[in-house]
Amino acid sequence: MWIHESEAHKYIAPRRVQKGVLLFDLKVTLIDTEPEVWRTVSVPSNFTLEQLGRVAARAIGWIPRYFHFFDHDGTFIEGYDPYNFMEEDEQKEHEQKKAKKDIARNIIISSIFCNTDPAKRTITMDYGSDGWLHEITFVDMKQPDKKFYPKCIDGKNACPPEDCSGGPDAYRDILAALSDRKHAEHKETKEWLENSGYKRFNPKKFSVASVSF
């Protein structure tokens, strides 16, 4: 059964880590962005891959919507699709027909990031329908403290505007127009950003404190 967006906050809400569970520090990089957008998050090792997808999206700055994954060898892993209108029974039947390893909610992230082969400690998340690819890689493993997790601990540069359709190429065009007052689309781009809620958009602005789960 898909987790409804109204329940998504509870699904990844920060919590104290259970006894015996480790923390993974993972780097989430928005591929092919300039300036490069990235975040480092600390996530309980017993989170599912679907939970990690939501954490990664929120850490970057997206509203978690449609996302799927590709593992290190390119195998497709079903993630989350809010546009799936299957009834609950249909969804269960659909999931039963697929191998457990091909559905993100059935995969515990320790099975990925505890791999003895460093080359396999990475996964790619495909967010939305505009070609936003995120590389999620293992950074460190540590014992938890009494703080609440998941937690964003580092990062750089702003998330592209939520309605920036066209992926990295479109984002580059927006930044080019925004940075040059003589650009033919400067005024139009600035107005579009302001109307979309980005009155003073700064592609290099980011604060860890701005990330919430």
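Criteria and thresholds
- Residues numbered from 1 in each chain as written.
- Predicted model: local features only at pLDDT ≥ 70, side-chain atom pairs only at ≥ 80, totals over all residues.
- Heavy atoms only, no water.
- Phe/Tyr/Trp six-rings, centres within 6.5 Å; stacked < 30°, edge-to-face > 60°.
- Helix = DSSP H or I, 4+ residues; strand = E, 2+ residues; numbered from the N terminus.
- Buried < 20%, exposed > 50% of the residue type's maximum accessible area, 1.4 Å probe, protein only.
- Lys NZ or Arg CZ within 6 Å of the ring centre and 35° of its normal.
- Patch = residues over 30% accessible without salt bridge, like charges linked within 9 Å, V, L, I, M, F, W, Y side chains within 5 Å.
- Areas by Shrake-Rupley, 256 points an atom, 1.4 Å probe, with all protein chains shown as cover.
- Salt bridge = Lys/Arg side-chain N within 4 Å of Asp/Glu carboxyl O.
- Lys, Arg positive; Asp, Glu negative; His and termini not counted.
- Charge placed at Lys NZ, Arg CZ, Asp CG, Glu CD.
- Pairing = 2+ DSSP bridges.
- Axes fitted to C-alpha atoms, helices over the stretch in contact; angles between N-to-C directions.
- Contact = heavy atoms within 4.5 Å.
- 1 Å grid on protein atoms, 1.4 Å probe; cavity = no way out; pocket = protein on both sides within 12 Å on 5 of 7 lines; lining within 4 Å.
- Points joined across faces, edges and corners; volume = space filled by probe spheres on them.
- Nonpolar A, V, L, I, M, F, W, Y, C, P; charged D, E, K, R; others polar.

A.B. asks: Hey, could you go over the packing of aromatic side chains for me, with residue numbers and the actual values?
C.D. replies: Aromatic ring pairs are reported here in terms of the distance separating the ring centres and the angle at which the planes meet. Inspection of the entire model under this criterion finds 9 aromatic pairs. For the pair phenylalanine 24 and phenylalanine 138, a centre-to-centre distance of 6.0 Å together with 75 degrees between the ring planes defines the contact as edge-to-face. Of this pair, phenylalanine 24 sits in strand E2 (residues 23-30) while phenylalanine 138 is found in strand E7 (residues 132-142), placing the two residues 114 residues apart along the sequence. Among the residues examined, phenylalanine 138 registers a relative accessible area of 23% and is labelled partly exposed. For the pair tryptophan 62 and tyrosine 127, a centre-to-centre distance of 5.0 Å together with 15 degrees between the ring planes defines the contact as stacked. Of this pair, tryptophan 62 sits in the loop between helix H2 (49-60) and strand E4 (67-70) while tyrosine 127 sits in strand E6 (residues 122-127), and the two are 65 residues apart along the sequence. Among the aromatic side chains, those forming a connected cluster through ring pairs are Trp62, Tyr127, Trp132, Tyr171, Tyr198 and Phe201. The lysine or arginine in question, lysine 27, covers the ring of tryptophan 38, its NZ or CZ lying 4.8 Å from the ring centre.

A.B. asks: Describe a positive patch on the surface, naming the residues involved and giving the relevant values.
C.D. replies: On the surface, Arg181, Lys190, Lys199 and Arg200 cluster together to form a positively charged patch. Looking at the secondary structure, you find lysine 199 in the segment after helix H6 (186-195).

A.B. asks: Provide a residue-level description of the sheet that holds strand E5 (residues 76-80), including the pertinent values.
C.D. replies: Strand order in the open sheet formed by 7 strands is E5-E4-E6-E7-E2-E3-E9, with antiparallel pairing between adjacent strands. Unpaired on one side and paired on the other, E5 and strand E9 (151-156) mark the two borders of the sheet. Here the strands of the sheet are splayed against their neighbours by 25 degrees on average, with no regard to which way each runs. Inspection of the sheet shows E4 paired to E5 by 3 bridges, in the antiparallel sense. Looking at the pairing, phenylalanine 70 lines up with phenylalanine 76 of E5. Sitting on the sheet, H2 is in contact with E2, strand E3 (37-44), E4, E5, E6 and E7, with an inclination near 140 degrees to E3.

A.B. asks: Give a detailed account of the layout of surface pockets, specifying residues and quantitative values.
C.D. replies: Volume-wise, the largest pocket comes out at about 280 Å³. If you go around the largest pocket, you meet 18 residues; those closest to its centre are Ile60, Gly61, Ala158, Cys159 and Ser210. Broken down by element, the residue count for the lining of the largest pocket peaks at 3 residues, all from H2. Taken together, the residues that form the lining of the largest pocket break down as 11 nonpolar, 3 polar and 4 charged.

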